[in-house]
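A structural walkthrough
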Amino acid sequence: MYSFAYTSKFYNELPDNIYKKFVSGLTLHHGYYSMLVETGIFGFIGLLIFLVVIFRKARDVYIKAGNSPMFLQAFIAFWVLIYIITSLMFTDAWFWGRGIVMWGTVLGVISALNNIIKREQEVSL
């Protein structure tokens, strides 16, 4: 994982000047393709399973929050997660630096909302 920038020189077939200008030291720039190339089919399948699980959990939280004071937060977190999943087709920035921290924060917000909504439902019973 994260090795393309350093190992691409071992299987480069481009002329050296083009490789150094456009490839050397850079990432693949596509999240899904990056995972497929760098971790293989098992890592890619693992990513897809992870994305399906967090999408389902976020959708459940969004639906449960329908008549709750937490609806706006659940709505925003759900659509930010959809944005992240969609933008992985165009960028791998969600796997690096601030992107992965923001993604983790969104997942934390979804988890916190899930706990708050569960607690509200238990109190109302």
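Residues numbered from 1 in each chain as written. Predicted model: local features only at pLDDT ≥ 70, side-chain atom pairs only at ≥ 80, totals over all residues. Heavy atoms only, no water.

A closer look at the overall build of the protein
Under the convention used in this document: Secondary structure elements are taken from DSSP: a helix is a run of H or I of four residues or more, a strand is a run of E of two residues or more, and numbering for both begins at the N terminus. Only protein chains enter the accessibility calculation, which uses a 1.4 Å probe; a residue is then buried when its area is under 20% of its type maximum, exposed when over 50%, and partly exposed in between. Note on definitions: a residue-residue contact is assigned when non-hydrogen atoms from the two residues lie within 4.5 Å. Here the open area of atoms and residues is found with the Shrake-Rupley method and a 1.4 Å probe, where only the protein chains shown may cover a residue.
Within the protein one finds five helices and zero strands. Beginning at the N terminus, the succession of helices and strands in the protein can be written as α-α-α-α-α. Every one of the 125 residues in the protein was classed for burial, and the buried ones make up 30%. If you take every contact in the protein between residues at least 6 apart in sequence, the share linking residues at least 24 apart comes to 59%. Looking at the protein as shown, the accessible area adds up to about 8,300 Å², and 68% of this sits on carbon and sulfur atoms.

Side note on the environment of leucine 107
With respect to the helices and strands, leucine 107 occurs in helix H5 (residues 97–124). Once the C-alpha coordinates of leucine 107 and phenylalanine 55 are considered, the two residues, 52 residues apart in sequence, prove to be 10.0 Å apart. In this structure leucine 107 touches Phe50, Ile54 and Leu81, once residues within four positions along its chain are discounted.

Concerning the packing of helix H4 (residues 71–87) against H5
So the rule is basically this: Fitting a line to C-alpha atoms yields each axis, with helices limited to the stretch in contact; the angle taken between N-to-C directions then spans 0 to 180 degrees. Each crossing gets its hand from how the near helix is turned against the far one by less than a right angle, where anticlockwise is left-handed and clockwise is right-handed. Polar here means any residue outside two lists: the nonpolar Ala, Val, Leu, Ile, Met, Phe, Trp, Tyr, Cys and Pro, and the charged Asp, Glu, Lys and Arg; Gly therefore counts as polar.
Running from N to C, H4 and H5 cross one another at 145°; their axes reach a closest spacing of 10 Å. Our pair here, H4 against H5, has a crossing hand that is left-handed. For the pair formed by H4 and H5, the contact residues are Gln73, Ala74, Ala77, Val80, Leu81 and Ile84 on the first element and Trp103, Val106, Leu107, Val109, Ile110 and Leu113 on the second. A class-by-class count of the residues in the contact of H4 with H5 yields 11 nonpolar, one polar and no charged.

Points about the nonpolar core
The line we're drawing: Joining through side-chain atoms within 4.5 Å is the link that ties buried Ala, Val, Leu, Ile, Met, Phe, Trp, Tyr and Cys residues into a set, and such a set is a nonpolar core.
Grouped together as the largest cluster of nonpolar side chains are 24 residues, with contacts concentrated most on Tyr32, Leu51, Leu81, Leu88, Trp103 and Ile110. Within the residue set of this core, elements represented by two or more residues are helix H3 (31–64), H4 and H5. If you tally residues by element for this core, the top one is H3, at eight residues. In this structure leucine 81 touches Ile54, Phe55, Ala58, Trp103, Val106, Leu107 and Ile110, once residues within four positions along its chain are discounted.

Digging into H5
In plain terms, the rule: By definition here, a helix of n residues has an expected span of 1.5 Å times n minus one.
Relative to the 40 Å expected for 28 residues at 1.5 Å per residue, H5 spans 41 Å between its end C-alpha atoms, a close match to the ideal helical length. Every buried residue of H5 is listed here: Gly99, Trp103, Val106, Ile110, Leu113, Asn114 and Ile117. For H5, the secondary structure elements touched by its buried residues are H3 and H4.

What about the side chain of asparagine 114?
Following the sequence through the fold, asparagine 114 ends up in helix H5. Given the relative accessible area of 9%, asparagine 114 is considered buried.

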